There are 2 protein chains.
Amino acid sequence: MTPARNRQFRLKSRPQGRISADHFDFCQEAPPEPGEGQARVRVLYLSLDPTNRIWMSDMDQYMPPVAIGEVMRGGGIGVVEASRSSRYREGDLVTGLTGWQDYCLADEGENAMSVLPEGLPVSLPTMLGACGMTGITAYFGLLDLGRPQAGETVVVSAAAGAVGSVVGQIAKIQGCRAVGIAGGPDKCRYLVEELGFDAAVDYKSADWQEQLAAATPDGIDVNFENVGGEIMEAVMRRMNLFSRMPLCGMISGYNQQEPMRGDFSPILMRRIDVRGFIVMDFLDRYAEAAAQLAQWVMEGRIKHRETIVEGLEQAPEAVNMLFDGGNVGKLVVKVSEA
Amino acid sequence: MTPARNRQFRLKSRPQGRISADHFDFCQEAPPEPGEGQARVRVLYLSLDPTNRIWMSDMDQYMPPVAIGEVMRGGGIGVVEASRSSRYREGDLVTGLTGWQDYCLADEGENAMSVLPEGLPVSLPTMLGACGMTGITAYFGLLDLGRPQAGETVVVSAAAGAVGSVVGQIAKIQGCRAVGIAGGPDKCRYLVEELGFDAAVDYKSADWQEQLAAATPDGIDVNFENVGGEIMEAVMRRMNLFSRMPLCGMISGYNQQEPMRGDFSPILMRRIDVRGFIVMDFLDRYAEAAAQLAQWVMEGRIKHRETIVEGLEQAPEAVNMLFDGGNVGKLVVKVSEA
């Protein structure tokens with residue numbers, strides 16, 4: 001049976017600053033009929049990520065921006081409802097770029113999606129978070145680019161977020177001192193008391209720079225950078241000789257119209273290795289990361305939370321939580337029942 | 001015989017902006033008498049480098065700043081005139097941190113200097129330039145951090161300077177397209193016609209950004225960065241995915257009082273590897289670089305020029321040439337006759 005409607009967010013205008021529903025047409029069309037080699041996927045959960053904000057803009061970016069009129073790009077998990085491909089069976093859970101809509105088509109080429117194994121040991125939101133793309137981002141950024149050694153100090157910004165929370169916990173598994181920067185006492189307590197960070201810095205408090213200094217008495221060997229701006233500069237001023245800085249994001253700049261500038265002189269004077277990366281750069285090694293992350297999660301060595309927003313119609317407003325600090329852990333939108 | 005006087009530039013105040021003789025006390029004292037394990041060195045040539053400007057300031061830097069009242073730090077070449085060390089013989093040519101003065105003491109510890117081999121195949125200024133510290137800087141920065149592959153495009157700023165001119169020529173030896181950025185048509189002609197760069201961009205012309213685009217039709221794979229600021233940002237906007245950026249200097253910022261900011265977003269979006277370095281990081285491999293550079297120079301594959309300023313008393317004003325573009329190739333001060 002073909003379902004009745006496919007609601008879609010199509011980009012109407014590029015946001016300047018905060019995102020609202022007005023930047024999208026929330027339209028309906030008939031759900032797609034799979035052609036040969038395709039499957040129709042009902043979306044269960046959407047992953048909301050800072051990169052959604054990048055894709056809405058026309059800033060210099062690593063994929064083409066979403067075109068005006070196009071369905072908003074986004075990752076998610078869905079269930080196959082109808083298939084004309086041997087790759088997908090009805091009932092399969094799949095993950096990939098579903099877009100902000102009720103239904104999408106998976107195919108065997110450009111829009112191929114990954115079929116999740118049966119009997120998943122974790123929830124679907126976790127499969128988008130600690131055991132999914134954001135966990136994998138933390139894994140490769142920290143281990144491959146940050147190259148932390150036992151006893152070193154690792155600082156991560158947006159530390160209560162989906163990526164940052166995993167970064168700090170992997171740092172602890174590696175025997176490092178893990179310091180998280182987050183907004184507000186609740187998040188800071190969460191980092192230290194629940195996730196086992198050694199220290200947390202509340203960037204919303206007046207003395208956050210002093211907190212940072214106190215939390216990093218031996219300087220900083222790895223800065224896993226998620227936010228950019230003033231926080232990035234303060235961290236860089238405390239980085240050690242030959243330290244590493246995986247540059248995962250600069251979320252503080254995504255709502256601005258100006259270039260995302262920062263002071264380059266510590267890079268020179270401290271001989272920092274700054275490396276930009278996108279999780280897709282490690283595509284051929286996802287299985288390694290996913291297996292290790294799942295093991296750590298099952299062992300309780302990586303704890304995680306998800307912030308679940310109910311209803312596709314909430315997606316545009318919900319993205320702002322990533323910028324306002326409204327979520328803890330992975331932010332997902334529940335689109336339909338599994 | 002002990003010579004009559006040792007003229008010394010002692011730092012009096014930290015320059016804000018342009019350097020002048022007023023920032024120093026030009027004093028005289030008796031030349032130093034070598035103690036046990038020491039040698040008195042008469043300075044022949046001083047090396048003038050952008051790093052002199054850094055050392056005069058109290059900006060965050062990789063060695064302690066020169067203290068007020070201290071003899072200005074600087075590299076140079078001298079001849080041993082009196083020795084109480086088995087390491088140095090009278091008549092030996094030595095290189096190291098001589099300071100801005102007529103005479104210095106070499107010792108066997110912190111102020112040890114390197115004894116140059118007899119029968120040098122190149123001039124002493126060249127031993128400070130293409131075959132010395134600046135050549136070695138170019139060598140490791142480009143080859144170890146830039147990792148250029150044949151067919152790739154290498155861009156270097158301050159390309160007619162001591163480091164930049166060698167970077168472009170090593171890039172050519174590696175089979176790369178070498179593009180230099182320099183100020184004025186004379187320097188640009190020098191790069192292309194004498195040094196064999198594939199293209200030069202005159203940053204003093206109104207259309208320099210168009211020149212840069214035309215000179216790098218396939219984008220930029222390695223940016224050997226010497227200047228920072230607006231030029232760095234323009235180059236970074238043309239850098240390719242997974243390109244490399246050895247950060248050797250940001251000379252455009254050394255006379256400013258502000259942080260040396262630049263746009264970080266290309267690092268993220270293009271996954272650039274930005275690596276700050278100082279030639280001293282490669283201390284244990286100097287011999288490798290020096291031997292290779294000497295061979296290339298002897299074979300005529302690395303051409304070089306030196307700009308020689310006569311007289312120690314000229315040193316403070318002469319440093320400004322590095323910032324005004326007054327020199328071509330290595331800038332040295334001739335202090336006394338060999």
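As a reminder, the structure under discussion sits directly above these lines.
Only a predicted model underlies this, so the values are computations on that prediction, with no experimental measurement involved.

Turning our eyes to something else, we now look at the interface of chain A and chain B. At the interface, 36 residues of chain A touch 36 residues of chain B. For the pairing of chain A and chain B, the buried interface totals around 2,900 Å² over both sides, and the portion due to carbon and sulfur atoms is 62%. It is F264(A), L268(A) and M269(A) that lose the most area in chain A upon contact with chain B, and together they represent 26% of the buried surface on that side. On the surface where chain A and chain B come into contact, there are eight salt bridges. Taking the shortest distance from any N to any O, the salt bridge between D281(A) and R271(B) comes out at 2.6 Å. The interface formed by chain A and chain B holds 16 residue pairs in polar contact (both at pLDDT 80 or more) in total. The set of elements that each furnish at least two residues to the side of chain A that touches chain B consists of α7 (229–236), β12 (239–247), β13 (261–263), α8 (265–269) and β14 (273–276) of chain A. A total of five residues in the side of chain A that touches chain B trace back to one element, the largest contributor, which is α8(A). Here the side of chain A that touches chain B is built from residues that sort into 22 nonpolar, five polar and nine charged. Pairing of β13(A) with strand β13 (residues 261–263) of chain B involves three bridges; the strand directions are antiparallel. Along β13(B), the bridge assignment pairs G262(A) with G262(B).

The strand order across the open sheet formed by twelve strands is β10(A)-β9(A)-β8(A)-β11(A)-β12(A)-β14(A)-β14(B)-β12(B)-β11(B)-β8(B)-β9(B)-β10(B), and the pairing between neighbours is mixed. Of all the strands in the sheet, the pair left with one neighbour each is β10 (199–202) of chain A together with β10 (199–202) of chain B. Neighbouring strand axes in the sheet, compared pairwise and without regard to direction, differ in orientation by 15° on average. Pairing of strand β11 (residues 220–224) of chain A with β12(A), which is carried by two bridges, proceeds in the parallel orientation. Paired with I220(A) across the strands is M239(A), a residue of β12(A). Across the sheet, helix α4 (residues 162–173) of chain A touches β8 (153–157), β9 (177–182) and β11 of chain A, and the angle it forms with β8(A) is around 170°. Running over the sheet, helix α6 (residues 208–215) of chain B touches β9 (177–182) and β10 of chain B and is turned about 165° from β10(B).

Further remarks concern the nonpolar core. The nonpolar side chains of a soluble globular protein tend to be buried, and buried together. In this structure, W100(A), F264(A), W100(B) and F264(B) are the most contacted members of the largest nonpolar core, which totals 106 residues. Ignoring sequence-local partners within four residues, the contact set of F264(B) consists of M232(A), M236(A), M245(A), L247(A), M250(A), M260(A), R261(A), G262(A), D263(A), F264(A) and I267(A).

Here we take up the relation of the copies chain A and chain B. If you rotate chain A by 180° and push it 0.0 Å along the axis, it lands on chain B with an RMSD of 0.0 Å. Accordingly, the operation relating the two chain copies is best matched by a two-fold axis. Among all residues of chain A, the one whose C-alpha sits closest to the rotation axis is V274(A), at a distance of 2.5 Å. Looking at the interface residues of chain A, 100% of them are also at the interface in chain B, so both copies use one shared face.

Calculation criteria
- Residues numbered from 1 in each chain as written.
- Chains lettered and ligands numbered in written order.
- Predicted model: local features only at pLDDT ≥ 70, side-chain atom pairs only at ≥ 80, totals over all residues.
- Heavy atoms only, no water.
- Contact = heavy atoms within 4.5 Å.
- Buried area = accessible area lost by both parts, 1.4 Å probe.
- Salt bridge = Lys/Arg side-chain N within 4 Å of Asp/Glu carboxyl O.
- Polar contact = N/O pair within 3.5 Å; in protein donor to acceptor, adjacent residues only side chain to side chain.
- Helix = DSSP H or I, 4+ residues; strand = E, 2+ residues; numbered from the N terminus.
- Nonpolar A, V, L, I, M, F, W, Y, C, P; charged D, E, K, R; others polar.
- Pairing = 2+ DSSP bridges.
- Axes fitted to C-alpha atoms, helices over the stretch in contact; angles between N-to-C directions.
- Core = buried A, V, L, I, M, F, W, Y, C linked by side-chain atoms within 4.5 Å.
- Buried < 20%, exposed > 50% of the residue type's maximum accessible area, 1.4 Å probe, protein only.
- Least-squares fit on C-alpha atoms with pLDDT ≥ 70 in both.

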